[in-house]
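The lines below spell out each chain.
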Amino acid sequence: MAKTVGIDLGLARLSDIAPAGYALGLHIRFASAHIMVQTYDPRWIEIYTERGYMLCDPLVSWGFGTNGVARWSELNYPDPHDIFGQAASFGLKYGVAVSIGPLSSRSIGGFARSDREFTELEMEKIHETVEILHRESTPPSSLTIAQAMALRLIAKGCRHAEAAALLGISESALKARLRTARERLLSRTTAEAIQRAQEYKLL
């Protein structure tokens, strides 16, 4: 899973640059991200999620209206719920927003520090890393016929032995098809691969 390894390395690099954590949605389509990673304080993530702040977050509004990189302090968007003020109480005092890609499949992230503003060089590194992650995590536009058939049978509830028999292949060959489907869909489990394939209308 070379792509997944590359993505993991990129995410680790972001953790190093943003010591107070980050939230990154890669390839947001129909209000849901292909990959969502959040490393902020779990208490803040819980408050943010429970109150539905994504719908009124100035960072998200900026991200859907702009491509680029900017400090949170430079975002001139309404914040009626004082999301930035609340986030600061969890150590997210200084931050950078990044937005990359077409509106139909955009990646948006927020990266935080508690001690100082990000430097221009740090902002550049974050932007470059998110660009690489956006490229590396691009959802597939298709599966092979063999991959799709294997996923369909498992999605219908077939066990591996049964699915292999229906396809006229060995169980190890079926597992190989499922593995390549997982890799293509950047999924760690077959269940996750099935869900993503259905979301992308590949099954």
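Residues numbered from 1 in each chain as written. Predicted model: local features only at pLDDT ≥ 70, side-chain atom pairs only at ≥ 80, totals over all residues. Heavy atoms only, no water.

Student: Account for the packing of aromatic side chains, naming residues and giving values.
Tutor: This structure, assessed with the given rule, holds 6 aromatic pairs. Judged by centre distance (6.2 Å) and plane angle (40 degrees), the ring pair of Trp-44 and Tyr-53 falls under tilted. Assigned by exposure class, Trp-44 and Tyr-53 land together as buried. Note on Trp-72 and Phe-84: the rings are 5.3 Å apart at their centroids and 20 degrees apart in plane angle, and the pair reads as stacked. With Trp-72 in the loop between β3 (68-71) and α4 (83-88) and Phe-84 in helix α4, this residue pair connects regions lying 12 residues apart in the sequence. We classify Phe-84 as partly exposed; its relative accessible area is 22%. Among the aromatic side chains, those forming a connected cluster through ring pairs are Trp-44, Tyr-48, Tyr-53 and Phe-90. A cation over an aromatic ring shows up here: Arg-113 above the ring of Phe-118, its NZ or CZ 5.8 Å from the ring centre. (Phe/Tyr/Trp six-rings, centres within 6.5 Å; stacked < 30°, edge-to-face > 60°. Buried < 20%, exposed > 50% of the residue type's maximum accessible area, 1.4 Å probe, protein only. Helix = DSSP H or I, 4+ residues; strand = E, 2+ residues; numbered from the N terminus. Lys NZ or Arg CZ within 6 Å of the ring centre and 35° of its normal.)

Student: So what's going on with the pattern of salt bridges? Residues and values would help.
Tutor: Enumeration according to the criterion identifies 10 salt bridges in this entry. Salt-bridge contacts for Arg-116 lead to Glu-122; the nearest nitrogen and oxygen are separated by 2.8 Å. Put simply, Arg-196 and Glu-192 hold a salt bridge, and the shortest N to O gap is 3.1 Å. Of this pair, Arg-196 and Glu-192 are both found in helix α9 (residues 190-199), 4 residues apart, which corresponds to roughly one turn of the helix. Here Glu-192 falls in the partly exposed class, since its relative accessible area comes to 25%. Taken together, the shared-partner salt bridges connect Arg-113, Asp-115, Arg-116 and Glu-122 into one network. (Salt bridge = Lys/Arg side-chain N within 4 Å of Asp/Glu carboxyl O.)

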